Every structure is written in C-alpha cells, then in structure tokens.
Amino acid sequence: MNTSVILVNVLGAALIAWIVWYFWLYRKEGVQVAEVAGVQEVPITVKGGYDPDVIVVKQGKPVRLLFNRQESSMCSEMVVFDKIDKSAKLPEGETVAIEFTPAEAGEIPFQCQMGMLRGKVVVR
Amino acid sequence: MNRTMERDTKTAATVLDPVCGMEIDPASAAATRVRGGVTYYFCSQQCAEQFDGAQPEGAPSKKDSQRQPAPVLVQSATTGYNPALRDSVYVELSLIGLSCSSCSTTVERVLLAVPGVSAAHVNYTLGKAHVTYDPTQTDVGAMIEAIKRAGYNVGADEMHIRITPSLHCASCVGFIEDALRQVAGVTEATVNPGTDTVQVRYVVGQVDFPAIKQAIESTGYQAARPLAQKDEPADDESAAHEREYKHLMRKFWFAAIIGVPVMLVAYPELPWFYLPNLFMPTVPESLVWWLFVLSGVATLPVMFYSGRQFFTGAWAAFKHHAADMNTLIALGTSAAWIYSTVAIFFPALFPEGTATPFYDVTAVVTALVVLGQALEVRAKGQTSQAIRKLMGLQAKTARVLRAGQEVEIPVEEVLVGDVVLVRPGDKIPVDGEIIEGRSAVDESMVTGESLPVDKAPGDAVIGATVNTTGAFKFQATKVGKDTALAQIVKLVQDAMGSKAPIARLVDVVSGYFVPTVMIIAILTFLAWFNFGPSPALAYAVVTAVTVLIIACPCAVGMAVPLSLVAGVGKGAEHGVLIRNGEALQTASQLKVIVLDKTGTITKGKPELTDTVPAPGIDAATLLRLAGSADRPSEHPLAQAIVDGARSSGLELVEPSDFEAVPGHGVETIVEGRQVWVGNRKLMQRHKIDVSAIEGDVERLQGEGKTAMYVAIDGKAAGVVAVADTIKEDSVEAIRVMQGMGLEVVMLTGDNERTAQAIARQVGIDRVLAEVLPEDKAQEVHMLKQGGRKVGMVGDGINDAPALVEANVGFAIGTGTDVAIEAADITLMSGSLKGVAYAIEVSRATMGNARQGLFGAFIYNSIGVPIAAGVLFPFFGLLLSPLIAGAAMAASSITVVTNANRLRFFKARSFAQTTGNG
C-alpha cells in the first residue's frame, strides 16, 4: 500500500466524520427575539432554509413570525407548524405572518412541507 | 394583503384583540378591559391603552358592544359594510412613507384627532391603518388630509378595467384619464391603448365601480367589469406554476441541446456511438482531446444556467447545515466535471487508463433532472386542481338594488345588507337570506347534494350555487372572505398544508437521508478505490457520482403531502371538508361509527305520519279538526300536525275558545264542535272511553311514533301520529358503511322503543338509547376501549363534546356554517352519505400515500446499492450515471402521477345514488 492510497482512505474517513458533525451534530445558537409593542416579532427569510432558523422567544408573550420567501423552488412553498397546527403558503416575495402565543416552555419546530428545511422556535 | 392562513387549534379557546386583531389566549392576555358588560382582551399594554384612548371610559357609548368587534369582523373595504345597517363605518387605508414603528403612533394620533373618528389602529408591518368613524361627522377625504398633513401618504388599491370598443386615438386616452381623475377618490388613472385597459388607483372605500364606469361611459366608451384582481390566489398560483414550468423547460432544452453532442463525442472507445467516426474511419488522438476540451467548456453553461438552482439551493442549504436533493445533484455533476477536467489536463496524476473524462454525465444528468422537475411542477399543479375549481365557482358580478335601481356590480362590491336579485339560471353571488320569491337552487357544487333544494323566503342561500327556474331577491348576509365558499377554500387550503401523522415518520427519515447518501457515496468510492478492478479510480468516481445522482429524497418527501392535497380536494368536491391530515389518516382507520339519531339519521323535526280515524269518522275530517285545534299551539308536535294537515291540502280554520293544558294537550272548539287533542292523560281527565282506538295507539308507539288521541264532542274520534322521519338516504348510507366493514352504532337520548324502531328501519343492530346529552361523550369513550378508532357523527353543536371525544368527529352542517369548531370533518350537506364518502376517500388517500411512500423507499433502497455496484461482483452489472439521472427524474414524476390518480377516484357511496336513481 503506497502513501497515496492511505491518504485517500484517510481523507475519505475524515470527510465522513465531517459530514456527520456538520449536518447532524452541529448545534446552532438561537436568535433572541426583541419585543416590539408587546409582540415578539421576527422576520425570517426563506431561501434554501430559514434564516434565522432557531428563534428564542419568551413564554406567554405573543409571537409574530414574518416569513418572506425569496425563491421560486417548490420545496419551500409552504411552512408548517405541526405542533401548534398552523401552516401558511408563502407566495414568492410576499411577507406572511404566523402568530401564536406560546403557552409553555419547549420547542416548536417548523419546516417546509417535505421536511427538508427546518427551523424551530425555542420557548423559554 | 396579508394572506396568512391560520387555524385555531380546536382545544384552545382564543379571543381576538379588538385593537390589533391578533389572536390571543385570554389566560395570557397582557391587559383586559370591561366595557358594557363585555370583557376585552389585549395582546399588549399598548393595545389596551389605545383602546382606552379611542373610547374614554366615561364617554357615552351605547353602541360599544356593536362597534367594538367591527374592526375585527370587517377586515377590508371589500368585505363590505352597509351604512344603512351600522352607524359607525370601518375603513382600511394603506399608508405610504411609514419608516418606523413609532410613525404608527403618530398616524394613529392624527387620525384620532379627526372629529368623528372613534378608533384608529395602524399596523406597521402591513402598512395599513384601520379606522372606525362616524360617516355623518367625517369622511375618508378628511382622514387622508390629516394623514398627509402629518407627512405621510395614503396608498391606494388598483382596479383594472377593460374598455370597449377598442381605443384607436391617442386623444381618447387623455379624455378617459381626465374623466377618471375627476372622480372623487381616484388618485391615478392610466389607460393602456395597447391592451384596451385602464388601470385606476383609488382610495379604498371611497370609490366604487359604478362611479368609475360612469366616468368612462361619459367619454363614449363602455367599461367592462374589473379584470381579475391581482389578489386572486388561485390565478396567481397557477400562473406561478406555469412560469416555473416554462422556465425549467427552457433550461432543459438548453441542457439537452448541448448534452446530446457532448454525449456523442464522449466515448471514442465505442466507434458506433462516436460522432467523428461518421466523417473519418480513424480519429486522431489530438482531435479526440480537443473535442473533450470543447465538451468541458460547453458543459460549463449547462451547469451554471440549466443547473443553477442546484448550486444556489445546495449552497443555501449548506449554510443552514442542511442538505437536500440540490446538494446531491450539485455534488454529482460538479464532481464529474472536475474529475473530467483534471483527467484531460493532468492525465499523469492518475493511474494508467483512468484518465477518461465524462462530461456527458454533467450535461445529460442536469438535463434529465431539470426535465423531471418541470414535469413535476406541471403534475403538481393538477393535484391542486380541486381548489382552483372551487375558487372558480365564485360569481363575477351581482345584480343589486341601489337607491331603488337595479345595477350590475362586481361581486367584490356587494355589501352586507344589499338586496340582490337572482334570475333563473343565475349564479348566486354571495351568501344571504331570501326575502322575496321562490325557487329551487342547485347546491351540488358546495354541498355535494345532487338534487336542487327548494327555497322560500327566510331560507338561506349560499354564494356560488346556481339558481334553477324561479326568480327571487335576497339580502346579503355574508360577503367577501366571510362567505361559505371563501371559508371552504380556506379550510381546504389549510388542510392541504397540514401533515398526516404518517408524514412525521418521513420527516425523521428525510433529515438523515441526504447526508447518509453522501456518506454512502464516499464509502462506495473507497470500496472501489481499494478493492475494485483496474482502472480503480475511474470506477470509484463513476460509482460515487451514480450514488449521488440516483438517490431521490424528493420522492420520499413528496409522497404523503401530494396524496393529501389530492384527497382533501376530492372530499371538498363532494361537500366533505376534512380539517387536516391527521383527521384524514384517522378517518381511514375507523372501525366504529356512532350516529346521533336526531338530526343525523333523522330529519330532526317531527312530521305527521299516520291518521287513524275511529269507526264512523273519515280521515280527512279527523285531520282537519285536529289540525285546526292545534293551530294556535306552539308545541312542535302540534305544529307537525298542522303542517301535515296543510300539506295534505286541508283548509284549516281558527278555533274558538283555545286552551293549552300543559303536559296534556289542547282543548278547543272548532266549527262549534268540541275538539280535544292530546295524550292519554287528557283523555283520562275527561273520562273518555278510548278502548276503540287503544290498539292503534299501541301499534303506532311500537313503531317509535308519538301517538295523540283526538276526541270530538266527548267521544274518541281517532289517533294522529307524528314521528321524526328518517332522511331519504340514511338507509343507503348506513348500508354502504356496513359494507365497508364498519360497525354502525346509534346513540340517542330517546327512549328505547322509539330508538329501536328507527334502528330497525335503517338496519342498525346496536343501539345506545336513553343517553343523556352530557353522557354522550362518555359512551363514545367506552366504545373506544380496546383501541378501536371511533368516529362520531352529530350536529356539531349539541354533540360537540362527543365529537371531540371521538377519534374523528363528523359534523353534519347545513350549508353555510362551514367551520364547525368541534369537527374534524364537516359535511356540507345534511346527508349521511358524506360520512361514508369521507371514510372512503380517506382510505383511498392513505392507500395512495402509502403506495407513493413505499415506492419511494423501495426505489432508494434498491437504486442506491445497485448504483454503488453491489451487483458488479456477481453479474458484472454497473449502472451508468446517465441511467441514474433518468431513474431519479422518473421516480419523482411517478410519485406525483400516482397522487394524481386520486383525482379519478370513484366512491361507492355516491356511485350507488346514480345507480339507483
């Protein structure tokens, strides 16, 4: 076995390790939401993902998420909040609001209809 | 316009903040106010203060309770208000120049300073001012002035109107524009002579179409109704799909036109497939090399034009630590390109024989996947056809009475309270109540009920249904987004966007899918590199690329949502509104169906069924006297006798000396004869011998009917019986349900005997009788034991707790009350066949979703290993990346097409109606 073969194998293994870390193990810091007029409002850009995708809000205060989809890809056409039974169609370029008041602490995940794009609201 | 589609969760009771209209939980409201005995809840202290400011505590406000909800109920000017019906008016003004949220407060302040304005709220995000004012004191013009003085501007809405005949002089353009600008409230008018249309910008709420029409007509032209408004989501959506399709097709042709020649110069080792061999028998090495270089250059625009979305999508996902189909395709095509380029320029880097370029993979795979996406977009558009069909039902114009004149106006301008005229064959424009005239209305498009329904004054009519032969006038009760049709559309859209529980499993899988495929690709590469035959590196690259390309996460993720959209749409076509994916999935698993008796199996209203005269009296006389005697009574049983007598063509007279004896019956004098109608106690009270008719009474009671004794001049004259009769199609619907393997149970508060009688007639074996209303939920709970899924069918109001307790609650609606809170499934028609249909359609949908899902899983779990080359050691079989690209495109199209099959679903429950007539 020569060095280049070993090198390729090591690189391959490293790449696998990196994929596992980058896509599965990496945990992001959430975006803390500021309160405007008693409402925790945050704009979210939808383009290949939700930006920001982790939103930290306070319990018991109304939350307004303003989604703006900036792509025509069908995947992100819909945003679904399964846990609180809300969903909205996101027409390209328009701002669509999702409003709710989180009653208890925990996580409220949201995603596109196919589950490829994900985000969550962390209630504290 | 805010197009949020939200749904209340059925358990949490939320209220609306009367100031900003936000939905909040009363328990967590930031502030509350009590006015006129009504408690209002606010999302924030600020809203509460504004409420205080708008309506000072001490101010006399007799209309508080009416005025308060106005900003919430009436969302826009087009939703409609009628000044004649309400003394404060609500408008929505779009604001321009709001640059900060504190500006909202300024605008609110100046608006509230206008005399006559009672409430003003500015929504900064949407740039709208919501104003409630007294039209006798101020008008929109004054408010606009105030806003302008404060340094902001008021936006306008737009209307597009087609002008006929065709415009042919430039000066006409000026005339029309000038005429329009003179209309109060019009801010801008632009005529486009090329399309013969005029675009009018106007202040919302101040201008109506007739005024604009009049202005155009004053110039000698005719104005057609406004063209499709820009905020018609259905049109928007299909237009967007069409644009997307065309765009993708352009990309496909570009990739295909380059891809084919690239493929034809990619395999010099296959002489019959190598293009230059057509011109020369032996191709010099240098030409082969140059053709490769040319291919490499030509493939670049394919990657960056046709395949652009793969790279942008992959990058966007990557930034979010996510990976999707784009990632796989981008990796696959670019890996092929980079390998090829290195191979032709630095062949020395590779072991002998492995330096073969394959640019064709990049071009052809891009072409195929883009084609797949285009076809998918097209097919997806068909899946949601049902909802477009629903939206297309909306009438475009309405004939209303305005100032005593009959005018035709666009349906958007009909106000609540307007009197609408409907001619034979007309489409009914909005929801309302008939005030004059009679007709039969075909409501099949909304309720699924196939026979036209008779309508008389006082009856409700539903917008979008079609009048048959009669003419009538009705008063509009609901317009715009409050109509039954608009609510159905919203409910269906919401349901289509929801998730079936089965899809949650899929979500977990899709989160791991793409990175797993990438890891498999690397492992494949290493396996071939280490253990593969020579040229190992070439094999390693090709197999890794094939693995990346063949995997199809889209097919996995789309299967369930697409079937759901098709299934929910199919239900809506037959007046069955399924609330969400969970309701649909649970409905498909039901084993037991509990039917409430009154109003569900039966009509819920007693009707006269039998008239049995005693010897010596004829039936008509008996019924005429009994009917006349009962005429003043308000008791439902008495009314049933009166109605029955009338409908058999008998002329009833007003009784003299009428006395209702509570718990007994009535004692009257009719045409000079003493007539007593009532129960046995009434007969005993007058010591009347009833032995002659006792047998009939017992027989009728055995049939579940309520029998009433009639005595004339102190002698038993006969028996009249009333009963709650069974709906025409209940028997058939129950038979269909039993045929589907469901256990049908009847639940009623009625006595055992009546219940059994009805059950026998409809063919139900299991009866739960004498159940108190508050115990119904408990009974449903008992039936659920043993893990069987139980569906409960009821009227949605009295049966609400039982509907919630059941796994699936079906509410039998009556036309307009669409969104019945407690129900998982609402049946627009009163027919039980809707229940059978709902279960059938949900079973078909879930079956379809499983097929799609199973197909996609099988495809991936077979396709990926084959692409990796597991069959190579045994059969020498290796997949070309080109085949992988085609397979991947085909698999996602297959899933979409499979979901589309649901559109042709035929249910037994409705097929039988047509079969039996």
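Residues numbered from 1 in each chain as written. Chains lettered and ligands numbered in written order. Predicted model: local features only at pLDDT ≥ 70, side-chain atom pairs only at ≥ 80, totals over all residues. Heavy atoms only, no water.

Some points on the overall build of chain A
Part 1: For chain A, the count of helices and strands is one helix and 11 strands.
Part 2: Start at the N end of chain A and walk to the C end: the helices and strands fall as α-β-β-β-β-β-β-β-β-β-β-β.
Part 3: Taken over 124 residues, chain A has a buried fraction of 52%.
Part 4: Considering only contacts in chain A between residues 6 or more positions apart, those separated by 24 or more positions represent 53%. (Helix = DSSP H or I, 4+ residues; strand = E, 2+ residues; numbered from the N terminus. Buried < 20%, exposed > 50% of the residue type's maximum accessible area, 1.4 Å probe, protein only. Contact = heavy atoms within 4.5 Å.)

Remarks on the overall build of chain B
Part 1: Along its length, chain B carries 32 helices and 34 strands.
Part 2: Looking at chain B residue by residue over its 917 residues, the buried ones come to 54%.
Part 3: Residue pairs at least 24 apart in sequence account for 65% of intrachain contacts in chain B once pairs closer than 6 positions are excluded.

Observations regarding the confidence of the model for chain B
All names here are of chain B.
Part 1: When pLDDT is averaged across chain B, the result is 80; 83% of the residues are at 70 or more.
Part 2: Here helix α3 (residues 70-73) is the element of chain B with the lowest mean pLDDT, 31, and strand β30 (residues 743-747) is the one with the highest, 93.
Part 3: With pLDDT under 50 throughout, residues 55-84 is counted as low confidence; its partners more than four residues away or in other chains account for 56 contacts.
Part 4: Across residues 912-917, confidence stays below pLDDT 50; counting only partners more than four residues off in sequence or on other chains, it has six contacts.
Part 5: Model confidence for the complex is summarised by a pTM of 0.68, with the ipTM given as 0.72. (pLDDT = per-residue confidence, 0-100.)

What about the interface of chain B and chain A?
Part 1: The partner chain A presents 57 residues to the 61 residues of chain B that form the contact.
Part 2: Taken together, the elements giving at least two residues each to the side of chain B that touches chain A come down to β2 (23-24), α8 (233-264), α10 (308-319), α12 (359-383), α15 (484-497), α16 (501-531) and α18 (553-573) of chain B.
Part 3: Its residues assigned to classes, the side of chain B that touches chain A shows 28 nonpolar, 20 polar and 13 charged. (Nonpolar A, V, L, I, M, F, W, Y, C, P; charged D, E, K, R; others polar.)

What about the packing of aromatic side chains?
Part 1: Enumeration over the complete set of coordinates arrives at 30 aromatic pairs over all chains.
Part 2: When the centroid spacing of 6.5 Å and the interplanar angle of 75° are considered together, the rings of Trp18 of chain A and Phe23 of chain A count as edge-to-face.
Part 3: Residue class for Phe23 of chain A comes out buried when judged on its relative accessible area of 10%.
Part 4: Grouping aromatic residues by their ring pairs yields a cluster made of Trp18, Trp21, Tyr22 and Phe23 of chain A together with Trp315 and Phe318 of chain B.
Part 5: Above the face of the Tyr245 of chain B ring, Arg378 of chain B is positioned so that its terminal group lies 3.9 Å from the ring centre. (Phe/Tyr/Trp six-rings, centres within 6.5 Å; stacked < 30°, edge-to-face > 60°. Lys NZ or Arg CZ within 6 Å of the ring centre and 35° of its normal.)

Observations regarding α18 of chain B
Residues and elements named next belong to chain B.
Part 1: Taking 1.5 Å of rise per residue, the 21 residues of α18 would be expected to cover 30 Å, and the 31 Å separating its terminal C-alpha atoms lies within 8% of that figure.
Part 2: Along its length, α18 shows its largest kink, about 40°, at Ala559, and proline Pro561 lies within four residues downstream of that point.
Part 3: Gly575 lies just past α18 and shows a positive phi near 75°. (Expected span 1.5 Å × (residues − 1). Bend = angle between axes of the 7 residues up to and from the residue.)

Some details on the environment of Val173 of chain B
All names here are of chain B.
Part 1: Within the element layout of this structure, Val173 appears in helix α6 (residues 170-181).
Part 2: We classify Val173 as buried; its relative accessible area is 13%.
Part 3: Distance in space between the C-alpha atoms of Val173 and Val191 is 5.9 Å, their sequence separation being 18 residues.

A word on unusual backbone geometry
Part 1: Note the cis peptide between Asp51 of chain A and Pro52 of chain A, where omega equals 0°.
Part 2: Of note, Pro52 of chain A is situated in the loop between β4 (50-51) and β5 (54-57).
Part 3: Even without being glycine, Glu671 of chain B reaches a positive phi, approximately 50°.
Part 4: By the element assignment, Glu671 of chain B lies in the loop between β26 (665-670) and β27 (673-678).
Part 5: The exposure class of Glu671 of chain B is partly exposed, given its relative accessible area of 46%.

Topic: helix α9 (residues 285-306) of chain B
Part 1: Spanning 22 residues, α9 of chain B covers 31 Å between terminal C-alpha atoms, matching the ideal 32 Å at 1.5 Å per step.
Part 2: Within α9 of chain B, burial applies to Val288, Leu291, Phe292, Val293, Ser295, Gly296, Thr299, Val302, Met303 and Ser306 of chain B.

Details of the packing of α12 of chain B against helix α31 (residues 881-900) of chain B
All names here are of chain B.
Part 1: Their axes nearest at 8 Å, the elements α12 and α31 cross at an angle of 0°. In terms of orientation, α12 and α31 fall into the roughly parallel class.
Part 2: Each residue belonging to the contact of α12 with α31 can be placed in one class, and the counts come to 14 nonpolar, six polar and three charged. (Axes fitted to C-alpha atoms, helices over the stretch in contact; angles between N-to-C directions. Parallel < 35°, antiparallel > 145°, perpendicular 65-115°, else oblique.)

A short note on the pairing of strand β10 (residues 106-112) of chain A
All names here are of chain A.
Part 1: Pairing between strand β7 (residues 78-81) and β10: two bridges, direction antiparallel. Across the sheet, the residue bridging to Val79 is Cys112, located in β10.
Part 2: Both β10 and strand β11 (residues 118-123) contribute to a ladder of six bridges, which runs antiparallel. Bridge assignment links Glu107 to a residue of β11, and that residue is Val122.
Part 3: Hairpin connection between β10 and β11: a loop of five residues separates the two successive antiparallel strands, and Gly115 in this loop has a positive phi of roughly 80°. (Pairing = 2+ DSSP bridges.)

What to know about the sheet that holds β5 of chain A
Residues and elements named next belong to chain A.
Part 1: The strand order across the open sheet built from six strands is β1-β5-β11-β10-β7-β8, with neighbouring strands paired in mixed fashion. Where the open sheet ends on each side, the last strands, each with one partner, are β1 (31-32) and β8 (86-89).
Part 2: Sheet analysis places β5 next to β11, joined by four bridges and oriented parallel. What sits directly across from Val54, in β11, is Lys120.

Some words on the nonpolar core
Part 1: In terms of nonpolar packing, the biggest core is built from 183 residues, with Leu65, Phe67 and Phe81 of chain A together with Ile593, Leu595, Met737 and Phe810 of chain B touching the most fellow members.
Part 2: Looking at this core element by element, the count peaks at 15 residues for helix α29 (residues 833-868) of chain B.
Part 3: Sequence-distant contacts of Phe81 of chain A, that is, excluding residues within four places in its chain, are made with Leu65, Phe67, Lys86, Ile98, Phe100, Ile108, Pro109, Phe110 and Val121 of chain A.
Part 4: One finds Ala629, Met708, Ile712 and Val722 of chain B within the second-largest nonpolar core, a separate group that totals 23 residues. (Core = buried A, V, L, I, M, F, W, Y, C linked by side-chain atoms within 4.5 Å.)

Focus: the packing of helix α25 (residues 730-739) of chain B against α29 of chain B
Residues and elements named next belong to chain B.
Part 1: It is at 8 Å that the axes of α25 and α29 come closest, and there the two elements cross at 25°. As the angle between them shows, α25 and α29 are arranged roughly parallel. Pair α25 / α29 crosses with left-handed handedness. Mapping the contact onto sequence places Glu732, Ala733, Val736 and Met737 in α25 and Lys833, Val835, Ala836 and Glu840 in α29.
Part 2: A breakdown of the residues in the contact of α25 with α29 according to their chemical character gives five nonpolar, no polar and three charged. (Left-handed = near helix turned anticlockwise from the far one by under 90°.)

Notes on the sheet that holds β26 of chain B
Residues and elements named next belong to chain B.
Part 1: Sheet architecture is open: six strands sit in the order β24-β29-β28-β27-β26-β25, paired in antiparallel fashion. Both edges of this open sheet fall to β24 (602-613) and β25 (656-661), since each of them pairs with a single strand only. Ignoring strand direction, the axes of neighbouring strands in this sheet form an average angle of 20°.
Part 2: Pairing analysis gives six bridges linking β26 to β27, with the strands arranged antiparallel. The partner of Glu667 across the bridge, within β27, is Trp676.

Details of the environment of Asp713 of chain B
Residue and element names in this part refer to chain B.
Part 1: Relative to the elements of secondary structure, Asp713 occurs in the loop between β28 (706-712) and β29 (715-726).
Part 2: Considering only alpha carbons, one finds Asp713 and Gly672, 41 residues apart in sequence, at a separation of 9.5 Å.
Part 3: Excluding anything up to four places from it in sequence, Asp713 contacts Arg673 and Gln674.

Overview of the environment of Ala645 of chain B
Residues and elements named next belong to chain B.
Part 1: Assignment of secondary structure puts Ala645 in helix α22 (residues 636-647).
Part 2: Exposure remark for Ala645: the relative accessible area of 0% places this residue in the buried category.
Part 3: Placed 21 residues apart in sequence, Ala645 and Arg624 show a C-alpha to C-alpha distance of 6.3 Å.
Part 4: Aside from chain neighbours lying at most four places away, what touches Ala645 is Leu608, Leu623, Gly627, Leu650 and Leu652.

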